[in-house]
Amino acid sequence: MPNLSKQTTAELELIIQHLSEGHAEQRRKLEAINTVNKIVINSNSLDEMLDSILGEFLNLFDCQRAWLLYPCDPHSKFTTVPKEKTCPEWPGAGEDVFEVPTDDYTRKVFSSALSSSAPVAYDSEKRCPHSATNDLFGVESMMVFAIHPKVDQPWLLGIHHCGKERIYSDNDIELFQSLGGRITDGLSSVLSLQKIQKSEALQRALLNNTNSAISIKDLDGNYLLTNDYYDKVFNNNGRQITGKNIHDLFPDNTCQLIESNHNKVVQQQQSLEFEEDLPTKSGIRTFLSERSPIFNNNEVDAICTIATDITTRRRSEERINHLAHYDYLTQLPNRLTVNKELNKALELSLELNQYGALMFIDLDNFKTLNDTKGHSYGDKLLQDTAKVLLKCIRTSDTVARFGGDEFVIILPYLDKSEQRSLEEVILVAERVLSSLETVFVGDDFQHHVTASIGITMFLGDDVSPEELFKRADSAMYRAKNSGRNNFKFFDPSLQHELEYRAKISSEIVDAVLSNDFELYYQPQVDDNGRVIGAEALIRWNHHEKGLISPIDFIPLAEQNNSIIELGKWVIQQGVAQLAQWKKNPVLADLTLSVNVSAKQFHQEGFVESVIQIIETCTEPLNNLKMELTESLDQSDIDGNIAKMKALRLAGVSLSLDDFGTGFSSLSCLSKLPINQLKIDQSFVKHISRDESSDIITQTIIGMAHNLKMEVIAEGVETQEQRDFLIHNGCSQFQGYLYSKPLPIAQFEKLILDKNGYFEN
Ligand code: C2E
Ligand code: CA
Ligand code: CA
């Protein structure tokens, strides 16, 4: 006979149908098994299943109790009665699961049940042992069977016949065993399912009770699983993410980032960590995403990602970083950052071969102010200073607070030329000093800030940042010592240059008084070689420095306005010289050109002062010429014209110096009462060597003719230049071809020796 306990309900029913009348016992058994089978299949819960099965046992075995004990373990201290059915109802029976200590009697029963593969029957042959329970319920016969579901420990299934002994037949035992088998199967599947459900619930709980966004995606970016946190953070519409693709959730650039990180995991076949900025419902946040490969047949076919939001951590790191590198009060970079920036600037300077500069700025009298006006006042002043300094620099420069009232400016690259770099730095330093004067603190109180600035230049990186700070610092102290509100350079040679300029600039006026200036004269010659005039060119016989070129001091004189005095002296000298020449027939007709700088010309009262000088002459003066530059202020053309006309009336003729180098429109030029154009020497120098110089020279000559002006070429050094000029219609020359500018005695000797003529 097949193992009936393993048959399906349909099979059992088929067999039952075909059993003949004589097989009543067999039929009873099969029907019982089928009934239990159906119960197992149709029960919704373990409780319902056991309830029904044990109820069926009462009928099948005509017993008073059917029960289950758990666990069937002689070593367990407690035993529960998960289920029992009684008939009739016994007091206390059928109560909810209760736990009883495992006594010796129960232990023995458990042991014998476990050591037998068949049910153990206690009836007249094997007397039912005495126990408190058996005595209480009057148990006369008992049959037990250890059942072993796949999950957890064995159970003990038992029936009691009470009040009257029952002798168990082989059929009873067999049926009991079969039904026990069915219960084992039923229990196994229900308990397994329960266990799986429980472990799934645990896993789910684990997934959903974490503060990480967990997802599993296939390699095409389709979501296979996400946890609640993931859904909450990334899914905007709150709908299920599983089944969607990353492209349904994220913009393209985020998808590209995720895909590229996935690819790295696939390629390296190992877990990798990434820091990713991902868009969430509450904006972009930073996640630390651990991406792990999931293998299938040794190939990665999905990626599990556990992403932890580290935005707060990142922000506090940034905050700490900011605190470490920036000054809390002014928000400027601090000392630490300055060191880094200076190192960078040195490298850059080396790489580009350009000068850089470090500026050390110390506010004057800050400490007194801070002590007398209070710290909040001082703080506000420092903050305002920071704002002002930021406005004085280019974006590539760095302003930092070095500590206290000390600020630093790094100008990382200036120029390849030392001179131009110097000029740029000076410009910044001057801007800083003048801008600081506008700093004010408080609503009703204004405070002008001054500072002392020390500057050091660098080229390349052969000086350490520390050394540069020392140099800038020492320069700053020198600035403080020399009266504050100024700047000083460290570099000794630059410092020397600056000091030199400052010195001569301050000495110009005194030098006029002490007669340290001298006029040199350079002859002007016509196309017959006749000397027609001279240009007066100033020289400075400095008591210490020797002869100084006008190129070095005229710009300074213009800057500090001493050009007015100086220019006046030149005119006086020139006029006096002309008066002298009158006495000598060879020199009497010479014109004398004096240079007049723009600032001098625009000076109020200039014309009057010229007339005054001319009037000192006893004889009328008609051969003084003034060389004006093209860069005369174009805004007041009418004013200029009026001045020029007044000069002309006073007998002064006018020449436009350095012609061709500045800007002058023809229409404007035609209105000016000018007698002469002076072709700049830069064109003359390149005659016959540079085609454009030839053309410009020809054009200037043509223009002069058209405007009925004279034209003279300066810087004529060669016969060839002179020939070209003559050929093109210019018939007046000045230059080394004839003579360099000479002191008056030598000049006069030259002209007199030649009797007023240079041989052609
Ligand atoms: P500038 O008015 O263009 O003067 C001509 C300059 O060219 C002079 O230089 C002269 O020495 C130089 N020179 C003359 N012939 C030749 C030549 O053949 N070859 C070369 N290479 N150079 C030649 P210097 O005397 O050094 O004067 C320089 C500038 O200083 C003048 O340029 C003028 O702008 C200014 N300057 C000189 N004296 C005075 C003055 O009294 N007042 C003012 N405001 N400026 C003056
Ligand atoms: Ca000149
Ligand atoms: Ca000139």
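From a predicted model like this one, the values you see are computed outputs, not experimental measurements.

### Some points on the overall build of the protein
Okay, so step 1: Across its full length, the protein holds 26 helices and 26 strands.
Okay, so step 2: At 57 Å, the protein has a C-alpha radius of gyration far larger than the 27 Å of a compact globule built from 760 residues.
Okay, so step 3: Expressed along its principal axes, the backbone C-alpha trace of the protein runs to roughly 175 × 65 × 45 Å.
Okay, so step 4: Burial statistics for the protein: of 760 residues in total, 48% are counted as buried.
Okay, so step 5: Residue pairs at least 24 apart in sequence account for 61% of intrachain contacts in the protein once pairs closer than 6 positions are excluded.

### Comments concerning the side chain of Arg285
Okay, so step 1: Among the secondary structure elements, Arg285 is positioned in strand S10 (residues 283–296).
Okay, so step 2: There is a polar contact of 2.6 Å between the side chain of Arg285 and the side chain of Asp309.
Okay, so step 3: Not counting residues up to four positions away in its chain, the partners in contact with Arg285 are Glu276, Asp277, Leu278, Thr280, Asp309, Thr311, Thr312 and Arg315.

### Quick notes on the site of ligand 1
Okay, so step 1: In the vicinity of ligand 1 lie 21 residues, with Gln522, Arg539, Gln681, Glu717 and Tyr736 positioned nearest.
Okay, so step 2: Asp657 is positioned with one of its side-chain polar atoms (N or O) 3.0 Å from an oxygen atom of ligand 1.
Okay, so step 3: With respect to ligand 1, the side chain of Glu714 contributes an N or O atom lying 3.4 Å from an oxygen atom.
Okay, so step 4: Coverage of ligand 1 by the protein chains reaches 83% of its 790 Å² of free accessible surface.
Okay, so step 5: Of all the elements in the fold, those that place two or more residues in the shell around ligand 1 are strand S18 (531–542), helix H17 (550–559) and strand S22 (652–659).

### Describing the sheet that holds strand S8 (residues 223–226)
Okay, so step 1: An order of S8-S7-S11-S10-S9 is seen for the five strands of this open sheet, with the pairing classed as antiparallel. Edge positions in the sheet fall to S8 and strand S9 (272–280), since each of these pairs with one other strand and no more. Between one strand axis and the next, the sheet turns through 30 degrees on average, direction left out of account.
Okay, so step 2: Relative to S10, S9 runs antiparallel, the two being bridged by nine bridges. Residue Leu272 lies in a different strand from S10, and its bridge partner there is Arg291.
Okay, so step 3: Across the sheet, helix H10 (residues 311–325) lies against S9, S10 and strand S11 (299–309), angled at about 125 degrees from S10, the strand it touches most.

### Examining the sheet that holds strand S15 (residues 451–459)
Okay, so step 1: Strand order in the open sheet formed by five strands is S13-S14-S12-S15-S16, with mixed pairing between adjacent strands. Single-partner strands in this sheet number two, and they are strand S13 (398–403) and strand S16 (487–489). Averaged over all neighbouring strand pairs, the angle between strand axes comes to 20 degrees, with direction disregarded.
Okay, so step 2: Pairing of strand S12 (residues 355–363) with S15, which is carried by nine bridges, proceeds in the antiparallel orientation.

### Some points on the pattern of salt bridges
Okay, so step 1: Evaluation of the coordinates by the stated rule reveals 33 salt bridges.
Okay, so step 2: The residue Glu275 makes a salt bridge to Arg314 at a minimum N-O spacing of 2.0 Å. Taken as a pair, Glu275 in strand S9 and Arg314 in helix H10 lie far apart in primary sequence, 39 residues in all.
Okay, so step 3: For Arg314, a relative accessible area of 16% puts it in the buried group.
Okay, so step 4: In this structure, Asp327 engages Arg401 in a salt bridge whose closest nitrogen and oxygen atoms are separated by 3.1 Å. Linking Asp327 in the loop between H10 and helix H11 (335–352) with Arg401 in strand S13, this pair joins segments that are 74 residues apart in sequence. Of the two residues, Asp327 and Arg401, neither departs from the other in class, the shared state being buried.
Okay, so step 5: Counted as one network, the salt bridges with shared partners bring together Asp47, Asp51, Lys83 and Lys85.

### Here's the deal with the coordination of the calcium ion (ligand 3)
Okay, so step 1: Asp657 (OD), Asp658 (OD), Glu714 (OE) and Glu714 (OE) make up the full set of protein donors to the calcium ion (ligand 3), lying at 2.1 to 2.6 Å.
Okay, so step 2: Read in sequence order, the donor residues for the calcium ion (ligand 3) give the motif D-D-x55-E.
Okay, so step 3: The distance between the calcium ion (ligand 3) and the calcium ion (ligand 2) is 3.9 Å, with Asp657 acting as a donor to both metals. Of this pair, Asp657 sits in strand S22 while Glu714 sits in strand S24 (residues 710–714); the two residues are 57 residues apart in sequence, bridging distant segments of the chain. The same class applies to Asp657 and to Glu714, which are both buried.

### Quick word on the coordination of the calcium ion (ligand 2)
Okay, so step 1: Glu535 (OE), Asn595 (OD1), Glu627 (OE) and Asp657 (OD) make up the full set of protein donors to the calcium ion (ligand 2), lying at 2.1 to 2.5 Å.
Okay, so step 2: Taken in chain order, the donor set of the calcium ion (ligand 2) reads E-x59-N-x31-E-x29-D.

### Some remarks on unusual backbone geometry
Okay, so step 1: Note that the residue after Tyr70, namely Pro71, is joined by a cis bond; omega there is -10 degrees.
Okay, so step 2: Structurally, the position occupied by Pro71 is in the loop between strand S1 (65–70) and strand S2 (78–86).
Okay, so step 3: For Gln331, which is not a glycine, the phi torsion comes out positive at approximately 65 degrees.
Okay, so step 4: Mapped onto the fold, Gln331 is located in the loop between H10 and H11.

### Quick look at the environment of Arg648
Okay, so step 1: On the secondary structure map, Arg648 appears in helix H21 (residues 637–649).
Okay, so step 2: The spacing of Arg648 and Ile674 is 26 residues in sequence and 8.8 Å in space, taken between C-alpha atoms.
Okay, so step 3: Ignoring anything within four residues of it in the chain, the contact list for Arg648 reads Ser653, Leu654, Pro673, Ile674 and Asn675.

### Focus: the environment of Asn211
Okay, so step 1: Among the structural elements, Asn211 can be located in the loop between helix H6 (170–208) and strand S7 (212–218).
Okay, so step 2: Residue Asn211 is classed as exposed on the basis of its relative accessible area, which comes to 62%.
Okay, so step 3: Sequence separation between Asn211 and Thr308 is 97 residues; the distance between their C-alpha atoms is 7.0 Å.
Okay, so step 4: Leaving out residues up to four positions away in the same chain, Asn211 has contacts with Tyr229 and Thr308.

### As for the packing of aromatic side chains
Okay, so step 1: Tallying each qualifying case throughout the model produces 21 aromatic pairs.
Okay, so step 2: Arranged with centres 4.8 Å apart and planes meeting at 50 degrees, the rings of Tyr70 and Trp155 form a pair that is tilted. Separated by 85 residues along the polypeptide, Tyr70 in strand S1 and Trp155 in strand S6 (residues 155–162) bring together distant segments of the chain.
Okay, so step 3: Measuring from centroid to centroid gives 5.5 Å for Trp540 and Phe553, while their planes differ by 85 degrees, and the two rings are edge-to-face. With a gap of 13 residues between them, Trp540 in strand S18 and Phe553 in helix H17 connect regions that are remote in the sequence. In this pair, the class of Trp540 matches that of Phe553, namely buried.

Calculation notes
Residues numbered from 1 in each chain as written. Chains lettered and ligands numbered in written order. Predicted model: local features only at pLDDT ≥ 70, side-chain atom pairs only at ≥ 80, totals over all residues. Heavy atoms only, no water. Helix = DSSP H or I, 4+ residues; strand = E, 2+ residues; numbered from the N terminus. Rg over C-alpha atoms; globule rule 2.2 N^0.38 Å. Buried < 20%, exposed > 50% of the residue type's maximum accessible area, 1.4 Å probe, protein only. Contact = heavy atoms within 4.5 Å. Polar contact = N/O pair within 3.5 Å; in protein donor to acceptor, adjacent residues only side chain to side chain. Near = heavy atom within 4 Å. Areas by Shrake-Rupley, 256 points an atom, 1.4 Å probe, with all protein chains shown as cover. Pairing = 2+ DSSP bridges. Axes fitted to C-alpha atoms, helices over the stretch in contact; angles between N-to-C directions. Salt bridge = Lys/Arg side-chain N within 4 Å of Asp/Glu carboxyl O. Donors = N, O, S within 2.8 Å, 3.2 Å for Na, K, Ca; no water. Phe/Tyr/Trp six-rings, centres within 6.5 Å; stacked < 30°, edge-to-face > 60°.

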